[in-house]
Amino acid sequence: MLTTKSLSHHYGNEKLSFPDLNIRKGEQWLLLGESGSGKTTLLHILTGIKKPFSGEVFIQETELYKLSGQELDQFRGQNIGVVFQQAHLIKSLTVKENLFLAQTFAGFKNNEDRIIEVLTELDIIQKINSYPASLSQGQLQRASIARAVLNKPFLLFADEPTSSLDNKNAKTVVDLLLKLSESSGGTLVVSTHDDRVKEAFSKEYIL
Amino acid sequence: MNLITISWKSLQFNRLTFFLNVLLIAFGTGILTLLLLGSTQAGEKLKGNANGIDLVVGAKGSPLQLILSSIYFIDFPTGNISLDDAQDLARNPMVKRAVPLALGDNYAGFRIVGTDTSYINLYNLKLKQGRFWRKDFDVVIGSEVAKIKKLKVGDKFNGSHGLSSDEDVHEGNQNTITGILESSGNSTDNLVLTSIESIWNMHGIEKDHKQSGHQSKKEITSLLIQYRSRMSIVLFPMMVNKSTSMQAASPAKESARLFSLIGVGVQTAKWFALVVMLISAISIFVTLYNSLKDRMYDLALMRVMGASQLKIFMIIMLEGIILTGIGSVIGVFLGHVFLHIIGYFQDSPQARLSGFYFMPEELHLVAGGFFIGIMAAILPAIQAYRADISKTISIG
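Residues numbered from 1 in each chain as written. Chains lettered and ligands numbered in written order. Predicted model: local features only at pLDDT ≥ 70, side-chain atom pairs only at ≥ 80, totals over all residues.

- By the naming in an unreviewed UniProt entry, chain A goes by Putative ABC transport system ATP-binding protein and is assigned to Dyadobacter koreensis.

In structure tokens:
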């Protein structure tokens, strides 16, 4: 499903080497490491937004960095969902319009029913027509998750999804990510250094 | 949700900036539209009215004033000339056609012009209703006169002395409308035409001369001349100016002089409008460039969602194009509106400018607006295109 071979990257003289990953469909993995260990870099490499210095990334049969720029963009939009550390929606668009955007850029037709379904599942349906400025931090994070899972990606990545949340919201977000990946049969990879998250996962890579 | 909607929503998010930029573009395009339509219409009206007239002969004075008063019926005449002298000139072999004009009266600001059938032939005037004049005080009115004063064939009115007021009314003799002209789009639409004899009789000249028994000392205001051959262009005016007490003025030459005088102002206004357009281009560039700093994360997220670099480039380009597109279309529209308002308040209906006048060149102005949008947006769009998604998202 997701395999990597000899991945490395460098920032100036500092070189980062990553362990080879072999993650199967439906598994839920944790990428653990201290700040500066390269968690975010690895996650960006795996999501196709940062080309590694060396090594290969395979998602199913596709070698990610052999795709052309446009093919890679479309592949990412259709198959990979990402939740970032900083919950962020586009300010000029409502929650619904932000989700429409995810469908549009992935090359799918706008499907309002699917948006309602996801927002209902994440319990923020009441904010469907609200602008991001009127959402709380927890609601923003849930809306970001909604955007990431909207196109039913078979790979869902989350980069430090709980770092800016309190205990209650952190637990809610982790539970949601696990529940959504289980219900869709997709694969979940969460990178974090947050101890509150560890218990929920049985498989982990340590960087 | 398409790229245009995304760009539009982004522009709408900063409404004040959006409004200011649209206003700047609209202002510049509006001035250019006003100048384009105004100068073209004025030129066409000047040309259309002077069509077929090679020379105007009248009393000595300003040649431009003579042209303005005898062809466009705008200014006051330079004075009168003797009918005998005018007839002598009309018989000159170089002259193909000579049209006499007698001015001096008006009806509600519309000039009453004494002339003969040669004037009708010169402008190829056609009647919409009624017939041309047959006897004294029969008048034929232009289409605009009929429309504005709501006059019909058979109506009677008293003319007033002078050219633009209705204070000194000729109480004795009433004019009777015998015909209404079809609209011809030139100054004749705003005239009241009658025989020269009517003008003389209105002022008691015919009667005075009959009583005194003198040879005619009748006068007219001017003579519109058409040459028999182009060879006369140089010789005839020279002959009139040197050997008679009258002056000859060439409509082509005076119109060109008038345009060169107006041209300085038009040119200045054009440069002003172009400077405004340049300022608006810079303003749009600064707006997009500054907003890009705040929106880099948004654009990076769009890339993560699957947007290609080209789509990101197009979103920024569309913002510039939408801004200038809306601004220039509004500008062209406002140019028409203001031109119509100017026309409405114009003193001289003969040269009235209209907002309902369209030119293909207006599309060039809109295209120019789009071009400015493209130029203003291209650098920010390239910057967005080249942005490093990973770095942007990591910085947050």
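Digging into the overall build of chain B
So, step 1. Of regular secondary structure, chain B possesses 13 helices and 13 strands.
So, step 2. Whereas a compact globule of 396 residues would reach a radius of gyration of roughly 21 Å, chain B reaches 30 Å, over 25% beyond that.
So, step 3. Across its three principal directions, the C-alpha atoms of chain B cover 110 × 45 × 30 Å.
So, step 4. The buried share among the 396 residues of chain B stands at 41%. (Helix = DSSP H or I, 4+ residues; strand = E, 2+ residues; numbered from the N terminus. Rg over C-alpha atoms; globule rule 2.2 N^0.38 Å. Buried ≥ 20, exposed ≤ 12 C-beta atoms within 10 Å, placed from the backbone.)

Focus: the overall build of chain A
So, step 1. A tally of helices and strands in chain A yields seven helices and ten strands.
So, step 2. Rg of the C-alpha trace for chain A: 17 Å, near the compact-globule value of 17 Å for 207 residues, within the 12% margin.
So, step 3. Projecting the C-alpha coordinates of chain A onto the three principal axes gives extents of approximately 45 × 40 × 35 Å.
So, step 4. Expressed as a percentage of the 207 residues in chain A, the buried residues total 47%.
So, step 5. Expressed as a percentage of contacts within chain A between residues at least 6 apart in sequence, the contacts between residues at least 24 apart total 71%. (Contact = placed C-beta atoms within 7 Å.)

Examining the environment of Ile120(B)
Residue and element names in this part refer to chain B.
So, step 1. Structurally, isoleucine 120 can be placed in helix α5 (residues 117-122).
So, step 2. Separated by 67 residues in sequence, isoleucine 120 and serine 187 place their C-alpha atoms 13 Å apart.
So, step 3. Isoleucine 120 has contacts with Leu125 and Phe132, leaving out every residue within four places of it along the chain.

So, the sheet that holds strand β8 (residues 155-159) of chain A
Residues and elements named next belong to chain A.
So, step 1. Read across the sheet, five strands follow the order β7-β8-β9-β4-β10 without closing on themselves; strand pairing throughout is parallel. Two strands bound the open sheet, and with one partner strand each, they are β7 (80-83) and β10 (203-206). Put simply, the sheet's adjacent strands are angled 20° from each other on average, direction ignored.
So, step 2. Packed onto the sheet, helix α1 (residues 39-46) meets β4 (28-32), β8 and β9 (187-192) and runs at close to 155° relative to β8. (Pairing = 2+ DSSP bridges. Axes fitted to C-alpha atoms, helices over the stretch in contact; angles between N-to-C directions.)

Some thoughts on unusual backbone geometry
Residues and elements named next belong to chain B.
So, step 1. Of note, the phi angle at phenylalanine 137 is positive, near 70°, even though the residue is not glycine.
So, step 2. Relative to the helices and strands, phenylalanine 137 is located in the loop between β5 (127-130) and β6 (138-141).
So, step 3. Look at phenylalanine 137 and you get partly exposed, because 19 C-beta atoms sit within 10 Å.
So, step 4. In the Ramachandran plot, lysine 150 falls in the positive-phi region, its phi being about 55° despite a non-glycine side chain.

Focus: the interface of chain B and chain A
So, step 1. At the junction of the two partners, chain B supplies 21 residues and chain A supplies 28 residues.
So, step 2. Those elements giving two or more residues to the side of chain B that touches chain A turn out to be α1 (3-13), α10 (251-304) and α13 (389-395) of chain B.
So, step 3. Tallying contributions element by element places α10(B) first for the side of chain B that touches chain A, with six residues.
So, step 4. Classifying every residue of the side of chain B that touches chain A by side-chain character gives ten nonpolar, eight polar and three charged. (Nonpolar A, V, L, I, M, F, W, Y, C, P; charged D, E, K, R; others polar.)

Remarks on the pairing of strand β3 (residues 95-107) of chain B
Residue and element names in this part refer to chain B.
So, step 1. As judged from the six bridges shared by β3 and strand β12 (residues 222-227), these two strands associate in the antiparallel manner. Paired with proline 100 across the bridge in β12 is leucine 223.
So, step 2. Here β3 pairs with strand β4 (residues 110-115) via four bridges, running antiparallel. Counted as the bridge partner of asparagine 106 is arginine 111 from β4.
So, step 3. Turn length for the β3-β4 hairpin, with the two strands adjacent in sequence and antiparallel, is two residues, and the turn residue alanine 108 shows positive phi of about 50°.
So, step 4. Relative to strand β8 (residues 160-161), β3 runs antiparallel, the two being bridged by two bridges. In the strand pairing of β8, aspartate 105 is matched with histidine 161.

Quick word on the UniProt feature "domain: ABC transporter" (unreviewed entry) in chain A
So, step 1. Those places that UniProt annotates as "domain: ABC transporter" (unreviewed entry) correspond, in this numbering, to residues 1-206 of chain A.
So, step 2. Summarising residues 1-206 of chain A: 36% helix, 23% strand, and an end-to-end C-alpha distance of 20 Å. (UniProt positions renumbered as here; feature names shortened; annotations may be inferred.)

Looking at the environment of Ser394(B)
So, step 1. Its place among the elements puts Ser394(B) in helix α13.
So, step 2. Counting along the chain gives 165 residues from Ser394(B) to Ser229(B), while the straight-line C-alpha distance between them is 85 Å.

Points about the packing of α1(B) against helix α11 (residues 309-344) of chain B
Residues and elements named next belong to chain B.
So, step 1. α11 packs onto α1 with a crossing angle of 60° between their chain directions and a minimal axis gap of 9 Å. Classified by the angle their axes make, α1 and α11 are oblique. Seen along the crossing, α1 lies across α11 with a hand that is right-handed. Contacts between α1 and α11 involve Leu3, Ile4, Ile6, Ser7, Trp8, Ser10 and Leu11 from the former and Lys311, Met314, Ile315, Leu318, Glu319, Ile322 and Leu323 from the latter.
So, step 2. Broken down by class, the residue content of the contact of α1 with α11 amounts to ten nonpolar, two polar and two charged. (Parallel < 35°, antiparallel > 145°, perpendicular 65-115°, else oblique. Left-handed = near helix turned anticlockwise from the far one by under 90°.)

Remarks on the confidence of the model for chain B
Residues and elements named next belong to chain B.
So, step 1. Put simply, chain B has an average pLDDT of 88, and 94% of its residues get 70 or more.
So, step 2. Within chain B, β6 carries the highest mean pLDDT (95), whereas helix α8 (residues 205-212) carries the lowest (54).
So, step 3. Both scores are given for the predicted complex: the pTM is 0.77, the ipTM 0.90. (pLDDT = per-residue confidence, 0-100.)

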